[in-house]
Amino acid sequence: MGARYFYGWNVVAATFVMAMVSFGVGFYGIAVYLAALQRLHGWSATTVSAPVTVYYVAGALLTAAIGDVYARLGPRVVVTAGGVAMAAGFAALGLVTQPWQLYPAFLVMSVGWGAMSGAAINIILAPWWQRRRGFAVSLAFNGATLGGVLVTPALILLIDAVGFARAAITAAVAATVTLSAVALGVMRRGPEELGLGPDGDPASRTAAGPAALEPGWRGRALRSWRFWSVSAPFALGLAAQVGVLTHLVALVTPALGAGGAARAVGTATALAVLGRLASGVIVDRVSPRVVAAATLAVQIAGVLVLARAASPARVYLGCALFGVGVGNLTTLPGLILAAEWPRERFASLVGLVVGINQLTFAFGPSLVGVLHDRAGGYPAALLACAALQAIAAVTVLGGPARAASA
């Protein structure tokens, strides 16, 4: 008799869809909104980038506490409410007429981002998986990457067809319906609701994780190099990555046009899927820290090509190389934590790491915007981003290959 189908795969599929919408609208789509706002209102890169920094900072603060919110309310409530907030903020962006109005719109949107970003993916799936957690999380994070492959180019074309205001409202309604459907219709707190344990095992085999945690362990973790050798390099790498992604449409449009920019963004995010799949094949055989350093090296090459791109072909090549690392930099921190820390600490630690990372990469868009305005172009900003990623690659290799039980 064949093995019984495990409902956890339904949760993976629902989280995949959540990630596709939340990252498409709340992460990759930011580059589209900034380019549209600059074109529509004539505002500078610095003017439109500063509210994005506020957006990511606010989202990071919520992310640091999102584990407790999920524990109290469950994924159905949190994802539904987060979807409504993200859609409302997005729709408001299409109605702004003054720069100060960007701040409240992005703050409302940040509630959705904090509720449905990388930490949420890990938190939703953690109760369902133990042995195959890395595989399940990687599948769900591919939804995040497809948000860039499918949602972002669609937003570009929709804005070009009907204008920013109408496109924002249309996409906001679609996002709300989709997120509410997967949250209310599929998501559950954990396999214990079905009388099962992680991976579909009998409930009797489920370990009692929270009881094993001693008081003060978070403080000791935050004072350890083991923790910061994960958090710091990915914070720096993501700051550079988000800075480039936020300005990618504005960066490539002069060389490629609106249609070419959509294809370039699609190329970058499609390569992100391939990059994550490739790392998924080897990450169980090679240290995830080595995979992280290699990913950063490829991304540095892409940023340097973009900095010196003199033809459309070089622009596409730079976007492809840069895209290889886009997915891995969000997936690998969780895989390193899962390999180097006890299982019962994973959910709390991944919330801390993602929160710190988001707080740091919140300043990426403003960094690139300020350097662009001062230098009169993007090459200097791209070189600064490449330097941050080089520091990140060296730092991640300096951590322990595998942690002993703490």
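How each quantity is defined
Residues numbered from 1 in each chain as written. Predicted model: local features only at pLDDT ≥ 70, side-chain atom pairs only at ≥ 80, totals over all residues. Heavy atoms only, no water. Phe/Tyr/Trp six-rings, centres within 6.5 Å; stacked < 30°, edge-to-face > 60°. Helix = DSSP H or I, 4+ residues; strand = E, 2+ residues; numbered from the N terminus. Buried < 20%, exposed > 50% of the residue type's maximum accessible area, 1.4 Å probe, protein only. Lys NZ or Arg CZ within 6 Å of the ring centre and 35° of its normal. Expected span 1.5 Å × (residues − 1). Bend = angle between axes of the 7 residues up to and from the residue. Core = buried A, V, L, I, M, F, W, Y, C linked by side-chain atoms within 4.5 Å. Contact = heavy atoms within 4.5 Å. Polar contact = N/O pair within 3.5 Å; in protein donor to acceptor, adjacent residues only side chain to side chain. Patch = residues over 30% accessible without salt bridge, like charges linked within 9 Å, V, L, I, M, F, W, Y side chains within 5 Å. Areas by Shrake-Rupley, 256 points an atom, 1.4 Å probe, with all protein chains shown as cover. Salt bridge = Lys/Arg side-chain N within 4 Å of Asp/Glu carboxyl O. pLDDT = per-residue confidence, 0-100. Axes fitted to C-alpha atoms, helices over the stretch in contact; angles between N-to-C directions. Parallel < 35°, antiparallel > 145°, perpendicular 65-115°, else oblique. Left-handed = near helix turned anticlockwise from the far one by under 90°. Nonpolar A, V, L, I, M, F, W, Y, C, P; charged D, E, K, R; others polar.

**Q** Describe the packing of aromatic side chains, naming the residues involved and giving the relevant values.
**A** The relative placement of two aromatic rings is captured by the distance of their centres and the angle of their planes. For the coordinates displayed, the defined rule picks out 14 aromatic pairs. Ring geometry for Phe-6 against Trp-129: centres 5.2 Å apart, planes inclined by 80°, an arrangement best described as edge-to-face. A residue pair is termed long-range when its members are at least 10 positions apart, and Phe-6 in the segment before helix H1 (8–41) and Trp-129 in the loop between helix H4 (118–125) and helix H5 (133–162) qualify at 123 residues. The exposure class of Phe-6 is buried, given its relative accessible area of 7%. The buried category is assigned to Trp-129, whose relative accessible area is 2%. Members of the aromatic cluster, each reached through a chain of ring pairs, are Phe-23, Phe-27, Tyr-28, Tyr-55, Tyr-56, Phe-106 and Trp-113. For Arg-188, the ring lying beneath its charged end belongs to Tyr-7, and the centroid distance is 4.9 Å.

**Q** Describe H1, listing the residues and the values that go with them.
**A** The first and last C-alpha atoms of H1 sit 46 Å apart over 34 residues, in line with the 50 Å expected at 1.5 Å per residue. Approximately 65° is the largest bend angle found in H1, and it occurs at Gly-29. Taking burial as the measure, the 34 residues of H1 include 25 buried ones, the bulk of the element. Downstream of H1 by a residue or two, Gly-42 has a phi angle that is positive, lying close to 75°.

**Q** Pulling in residues and values, what's your account of the nonpolar core?
**A** Among the nonpolar cores identified, the biggest contains 129 residues, and Tyr-33, Tyr-56, Phe-90 and Met-109 are the most heavily contacted of them. Sorting elements by how many residues they give to this core places H1 first, with 19 residues. Those residues in contact with Phe-90 that lie beyond four places of it in its chain are Val-25, Tyr-33, Met-109, Leu-155, Phe-164, Ala-168, Ala-171 and Ala-172.

**Q** Which residues make up the environment of Trp-228, and what values go with them?
**A** By secondary structure assignment, the location of Trp-228 is in helix H8 (residues 225–246). Relative accessible area serves as the criterion here: at 32%, Trp-228 is assigned to the partly exposed category. It is 8.5 Å that separates the C-alpha atoms of Trp-228 and Gly-399, two residues lying 171 residues apart in sequence. When neighbours within four sequence positions are excluded, Trp-228 is seen to be in contact with Leu-222, Pro-233 and Ile-356. In terms of polar contacts, Trp-228 uses its side chain to reach the backbone carbonyl oxygen of Leu-222, at 2.5 Å.

**Q** Break down a nonpolar patch on the surface for me, citing the residues and quoting the values.
**A** There is a patch of nonpolar side chains on the surface, built from Val-54, Trp-100, Tyr-103 and Leu-107 and spanning about 380 Å² of accessible area. Looking at the secondary structure, you find Val-54 in helix H2 (residues 45–93). Since its relative accessible area comes to 31%, Val-54 is described here as partly exposed.

**Q** Tell me about the confidence of the model for the protein, and name the residues and values.
**A** Summarising the model, the protein shows a mean pLDDT of 84, and 93% of its residues fall at 70 or more. In this model residues 205–211 is a low-confidence stretch, pLDDT under 50, and it forms four contacts with partners more than four residues away in sequence or in other chains. Considering only residues more than four positions removed or in separate chains, one finds that residues 402–406, a stretch of pLDDT under 50, has nine contacts.

**Q** Can you lay out the pattern of salt bridges for me, pointing to particular residues and giving the numbers?
**A** According to the stated counting rule, one finds one salt bridge in the structure shown. Ionic pairing is found between Arg-289 and Glu-340, a salt bridge with its closest N-O pair at 2.8 Å. Highlighted residues: Arg-289 in helix H10 (residues 288–307) and Glu-340 in helix H12 (residues 328–340), separated in sequence by 51 residues. Each member of the pair Arg-289 and Glu-340 is classed as buried.

**Q** Break down the packing of H2 against helix H14 (residues 364–375) for me, with residues and values.
**A** Taken N-terminus to C-terminus, the directions of H2 and H14 make an angle of 165°; their axes are 8 Å apart at the nearest point. As summarised for this structure, H2 and H14 are arranged roughly antiparallel, according to the angle between their axes. The chirality of how H2 crosses H14 is left-handed. Along the contact surface, H2 presents Ala-45, Thr-46, Ser-49, Ala-50, Val-52, Thr-53 and Tyr-56, while H14 presents Pro-365, Ser-366, Gly-369, Val-370, His-372 and Asp-373. In terms of residue class, the contact of H2 with H14 is made up of six nonpolar, six polar and one charged.

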